[in-house]
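The chain contents come next:
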Amino acid sequence: MIYGIDIGGTKIEFACFDADLSKLESERVATPVDDYKKFIDILAGLVENADRRHDCRGQVGIGMPGLIDADGRSLSANIVCASGKNVAESLAARLGRPVSVENDCRLFALSESRGGAGEGFRRVYGAVLGTGAAGGLVIDGSLYRGRQGIAGEYGHHPLPASLQEKYRLPLRPCGCGLHGCLETYIAGPGLAALHRHLAGEDIEIPELVRRWRDGNRRALQTRALHLDLLGAAFANLVMAHDPDIFVLGGGLSRIEEFYRDLPGAIEKHLFAGFSAPPLAPPKFGDASGAAAPPCSLSRPKISINEDIQLLPQGRAHHCRKRGPGRSLPAYRKRPHCRHRGGTRR
């Protein structure tokens, strides 16, 4: 039995998988973000209860937000009590068995590359847009971690000075300790903050989406600003990694307009004559915490629903020049769309 634990800033989702990595059951509990002992007690209780139900000692793996340093300690703005703590070590000592811990967004990328929307592509970038913005790069089926395990943190690239000046944006502090991180503008709370900057009002993301679909002028201005920032962020990823496909995750991945409009927004920030790769919604659901441990067995997904209109699954949108190049698998092909052409900055 394999136990996958998806830890988020508000909820912990626990799931049991069999030897074939089929999900058998799952449950959710609230995340105690301010009390580390209670945090570990809850995780241990979920595992011990599952052991009793299934009369076994299951393998345990965790996907959680934040970074894991070389000593196994977490750096997490969402789960304050776990920052500076070695969660895997604490839980392993309590349970008397090994525990695997990995960044949830890295697991998302890995799982979507193995039987998911990125199956069949050599270089898969999984980009999560939810409460935060982070991701992971998978090359030939292996997660690229980099020297310190921080590869994929695109949400903490700085806001381009040209866009800050263009839109007169404030330099926002980030929970990571830096200022001006893209996450604070392009993730869900950042999108809401952009609307507040332009329209002077606080509204929830589902309401904002409904308004721009109804043609509300202020909402459409927010959408255009957000799309420009998001295009710049993804263009940086193209120029740094040149992935074969982007798979989007997190609550904002359920907004269908992104798949239609984001390729063109990316290409505005690329060199002339170069194109954006395909973009696809996740096959295994929009959860940023891909709780499919151990980390090397990360195909199963725990799906966390958001209150945003669902996007039909399994579609990849692509905008490129006509001519030779790798085509999408037949089940993902879309009608060719007009190439918009990049412009030099």
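The coordinates are above.
Anyway, here's the lowdown on the structure attached to this text. Just so it is clear, the structure is predicted and the values come from calculations on it, not from any experiment.

**Examining the overall build of the chain**
In terms of helices and strands, the chain carries nine helices and 12 strands. The 345 residues of the chain split such that 52% are buried. A separation of at least 24 residues holds for 64% of the contacts in the chain among residues at least 6 apart in sequence. For the chain, the accessible area works out to roughly 15,500 Å², and carbon and sulfur atoms hold 50% of it.

**Quick look at helix H3 (residues 104-113)**
Within H3, 10 of the 10 residues are buried, which leaves it mostly tucked inside the rest of the structure. Looking only at H3, the buried set comprises Asp104, Cys105, Arg106, Leu107, Phe108, Ala109, Leu110, Ser111, Glu112 and Ser113. For H3, the N-terminal cap is Asn103; the gap from its side-chain oxygen to the backbone nitrogen of Cys105 is 2.8 Å.

**Regarding the sheet that holds strand S8 (residues 123-129)**
As a general point, the strands of a sheet are linked pairwise by backbone hydrogen bonds and lie either parallel or antiparallel. The strand order across the open sheet built from five strands is S10-S9-S8-S11-S12, with neighbouring strands paired in mixed fashion. A strand with exactly one partner marks an edge of an open sheet, and here the two such strands are strand S10 (142-144) and strand S12 (279-280). Where S8 meets strand S11 (residues 245-249), five bridges bridge the pair, whose relative direction is parallel. Opposite Ala127, over in S11, you have Leu248 as the bridge partner. In this fold H3 packs onto S8, strand S9 (133-139), S10 and S11, with an angle of close to 40° to the strand it touches most, S9. Of the strands in this sheet, S8, S9 and S11 are in contact with helix H8 (residues 217-241), which crosses S8 at around 155°.

**As for the sheet that holds strand S1 (residues 2-7)**
If you walk across this open sheet you meet the five strands as S3-S2-S1-S4-S7, and the pairing is mixed. Two strands bound the open sheet, and with one partner strand each, they are strand S3 (23-30) and strand S7 (99-103). Adjacent strand axes in the sheet meet at a mean angle of 20°, parallel and antiparallel pairs treated alike. In terms of strand pairing, strand S4 (residues 59-64) meets S7 through five bridges, oriented parallel. Across the sheet, the residue bridging to Val60 is Val99, located in S7. Each of S1, strand S2 (11-17), S3 and S4 is contacted by helix H1 (residues 36-54), which is oriented at about 25° to S2, the strand it contacts most.

**Overview of the pattern of salt bridges**
Opposite charge on two side chains permits them to pair, given that their charged atoms come into close proximity. Here the structure, examined in full by the defined rule, presents 21 salt bridges. Glu25 is paired through a salt bridge with Arg53; the nearest N and O atoms lie 2.6 Å apart. Of the two residues, Glu25 is situated in strand S3 and Arg53 in helix H1; the sequence distance between them amounts to 28 residues. Take Arg53: its relative accessible area is 44%, and that puts it in the partly exposed class. Among the salt bridges present, the one from Arg97 reaches Asp51, with a minimum N-O distance of 2.5 Å. Of this pair, Arg97 sits in the loop between helix H2 (87-95) and S7 while Asp51 sits in helix H1, and the two are 46 residues apart along the sequence. Assigned by exposure class, Arg97 and Asp51 land together as buried.

**Comments concerning the nonpolar core**
Within the largest apolar cluster, 44 residues are counted, with the highest numbers of intra-cluster contacts made by Tyr154, Ile186, Leu229, Phe234 and Ile266. Mapped by element, the contributors of at least two residues to this core are S8, S9, helix H5 (183-186), helix H6 (188-199), helix H7 (205-213), H8, S11 and helix H9 (257-267). The dominant element in this core, judged by the number of residues it contributes, is H8, at 11 residues. Tyr3, Ile7, Cys16 and Val47 belong to the second largest nonpolar core, which has 26 residues in total.

**Description of the packing of H6 against H7**
Packing of H6 against H7 brings their axes to within 10 Å, and their N-to-C directions diverge by 55°. By the angle between their directions, the pair H6 and H7 is classed as oblique. The way H6 lies across H7 gives a crossing that is left-handed. Contacts between H6 and H7 pair Gly188, Leu191, Ala192 and His195 from the former with Ile205, Leu208 and Arg211 from the latter.

**So, a nonpolar patch on the surface**
A grouping of Met239, Phe271 and Phe274 is seen on the molecular surface, where their side chains present a nonpolar patch of about 310 Å² in accessible area. Along the polypeptide, Phe274 turns up in the loop between H9 and S12. Residue class for Phe274 comes out exposed when judged on its relative accessible area of 51%.

Rules and cut-offs
Residues numbered from 1 in each chain as written. Predicted model: local features only at pLDDT ≥ 70, side-chain atom pairs only at ≥ 80, totals over all residues. Heavy atoms only, no water. Helix = DSSP H or I, 4+ residues; strand = E, 2+ residues; numbered from the N terminus. Buried < 20%, exposed > 50% of the residue type's maximum accessible area, 1.4 Å probe, protein only. Contact = heavy atoms within 4.5 Å. Areas by Shrake-Rupley, 256 points an atom, 1.4 Å probe, with all protein chains shown as cover. Polar contact = N/O pair within 3.5 Å; in protein donor to acceptor, adjacent residues only side chain to side chain. Pairing = 2+ DSSP bridges. Axes fitted to C-alpha atoms, helices over the stretch in contact; angles between N-to-C directions. Salt bridge = Lys/Arg side-chain N within 4 Å of Asp/Glu carboxyl O. Core = buried A, V, L, I, M, F, W, Y, C linked by side-chain atoms within 4.5 Å. Parallel < 35°, antiparallel > 145°, perpendicular 65-115°, else oblique. Left-handed = near helix turned anticlockwise from the far one by under 90°. Patch = residues over 30% accessible without salt bridge, like charges linked within 9 Å, V, L, I, M, F, W, Y side chains within 5 Å.

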